[in-house]
Amino acid sequence: MSSGSAQPQIKTEDDLAGRIIELAKSRPDGIPNKELQESVPGVPLSELTQTINALLKSGTFELFGNKGELFYKFKDPTKKSANKGSDNEEKVVYKIIEEAGNKGIWIRDIRFKSNINNTQLNKVLKSLEAKKIIKAVKSVAASKKKVYMLFDLDPDSSVTGGAWYQDQDFESEFVDVLNQQCHRYLVQRLEDAVKQGGGPLMVRNRSYAASSEVQKFISDLGISKVSLSIADIESILYTVVLDNNAERVAAANGTFLYKAVNKFLAVPGLVKTTCGVCLLAQQCGKTGSINPSSCEYLANWLDEI
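Residues numbered from 1 in each chain as written. Predicted model: local features only at pLDDT ≥ 70, side-chain atom pairs only at ≥ 80, totals over all residues. Heavy atoms only, no water.

### With respect to the sheet that holds strand β1 (residues 31-32)
In any sheet, the strands associate via hydrogen bonds between backbone groups, in a parallel or an antiparallel arrangement.
Here comes step 1: Overall, antiparallel pairing links the three strands, which are arranged β1-β3-β2 in an open sheet. Two strands lie at the open edges of the sheet, namely β1 and β2 (61-66), each paired on one side alone.
Here comes step 2: Alignment of β2 against strand β3 (residues 69-74), held across six bridges, turns out to be antiparallel. Within β3, the position partnered with Phe61 by the bridge is Phe74.
Here comes step 3: The strands that helix α3 (residues 45-58) touches are β2 and β3; relative to β2, the one it contacts most, it runs at about 105°. (Pairing = 2+ DSSP bridges. Helix = DSSP H or I, 4+ residues; strand = E, 2+ residues; numbered from the N terminus. Contact = heavy atoms within 4.5 Å. Axes fitted to C-alpha atoms, helices over the stretch in contact; angles between N-to-C directions.)

And the structure:
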C-alpha cells in the first residue's frame with residue numbers, strides 16, 4: 001500500500017489546470033518548472049505548456065527565475081490589479097522568447113504560441129524592448145524580418161551570418177584579404193620547409209599547416225575587428241583550396257592540414273589564339289583554300305582583341 005494519497009485522475013484540461021493550481025498552492029515560494037512537469041506524468045508537454053500559458057495569461061500564475069531555473073507561483077485572481085493582464089502577457093511572451101535561445105524566434109511564431117492578437121503582441125514586444133529584457137535582431141536569412149531573443153544573448157551565426165557579414169551585407173573585400181593572407185602563410189611555410197631541406201618527403205611534411213596555426217597567424221596580424229574561430233579560418237582556407245592555391249589532406253585526429261601548391265605554368269599566348277586550337281592548322285598555308293588571309297575565324301578573333 002502506498003504511503004502517499006492517490007492523485008486524482010486527469011481527464012480534461014480543467015482537471016489538469018486544477019491539479020497544477022493545487023501543486024502551486026502547496027508551494028507558496030514557487031514550484032520549479034521541472035518539478036511541475038514531473039508531478040503530472042503522462043501529460044504531453046505541449047498540453048502542459050498550453051495550460052500553464054493560459055494560467056499565466058489569466059494572472060493565476062506568476063513566472064520568475066531563480067539561479068537559471070524557471071519557477072511558477074500561485075496568485076489569487078481576486079487580488080489582481082487592473083494592469084496585471086498586460087504584465088502576465090509579458091511573462092508569457094518572455095518565456096517563449098527565452099526558450100528560443102540565441103537563434104531567436106519570429107513574431108509569427110510568438111503569436112501562434114502565445115495566442116495573443118497582433119496589436120497587443122506588438123505592444124508587449126515594444127514594452128519588453130524598452131525595458132531591455134529582449135531585443136530584435138535582423139536575420140541574414142530574411143532581410144525584412146527580425147527575430148527576438150533575450151537582451152543579453154549573443155546571436156547565433158545562423159542569424160548574423162557570422163564574421164563575413166556586417167549589417168547583413170557580405171564583406172567580400174574582407175574575405176578576399178583573409179584569403180590572400182592565408183595563402184601567403186602557406187607559401188611562406190612551404191618556402192621555409194624547402195630552405196630547411198632534408199629530402200622531398202620531409203619538405204612536404206613540414207610544409208603542411210593546421211588551421212589553428214593559420215588562425216594564430218591571422219590573429220597576430222590584427223586585420224580582423226572580430227574574433228575569428230578555427231571554423232571561420234577553415235572556411236577561408238577552403239576557398240584557397242578551391243582557387244587551386246592549396247591542397248587539403250585529412251589528419252589522423254579528424255582535422256585537416258593545408259599546404260600551398262605550385263601553380264601550373266601559364267599557357268603561351270599563341271595557344272590562346274584561334275590558330276592554336278584550329279583542327280586544320282596542319283593544312284593551313286600561304287596558298288590554297290585554307291590560309292590566314294581568308295580565314296574568317298582569325299579575322300573575327302583579331303576584331304575582338
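### Things to note about the pairing of β3
Here comes step 1: Relative to β3, β1 is paired through two bridges, and the arrangement is antiparallel. Counterpart to Pro32 in the pairing with β3 is Phe71.

### Notes on the pattern of salt bridges
Here comes step 1: Counted according to the given criterion, the structure contains seven salt bridges.
Here comes step 2: The shortest N-O distance in the salt bridge between Glu35 and Arg27 comes to 2.4 Å.
Here comes step 3: Overall, the relative accessible area of 30% leaves Glu35 in the partly exposed class.
Here comes step 4: Residue classification places Arg27 among the partly exposed residues on the basis of a relative accessible area of 30%.
Here comes step 5: The salt bridge partner of Arg204 is Glu247, with a shortest N-O separation of 3.2 Å. On the criterion of sequence distance, the pair formed by Arg204 in helix α9 (residues 200-207) and Glu247 in strand β10 (residues 246-250) is long-range, its members being 43 residues apart.
Here comes step 6: With relative accessibility at 22%, the residue Glu247 sits in the partly exposed group. (Salt bridge = Lys/Arg side-chain N within 4 Å of Asp/Glu carboxyl O. Buried < 20%, exposed > 50% of the residue type's maximum accessible area, 1.4 Å probe, protein only.)

### Things to note about the environment of Leu150
Here comes step 1: Structurally, Leu150 is set in strand β6 (residues 142-150).
Here comes step 2: Look at Leu150 and you get buried, because its relative accessible area is 15%.
Here comes step 3: Once the C-alpha coordinates of Leu150 and Lys135 are considered, the two residues, 15 residues apart in sequence, prove to be 6.2 Å apart.
Here comes step 4: Ignoring anything within four residues of it in the chain, the contact list for Leu150 reads Tyr94, Ile97, Glu98, Ile133, Ile134 and Lys135.

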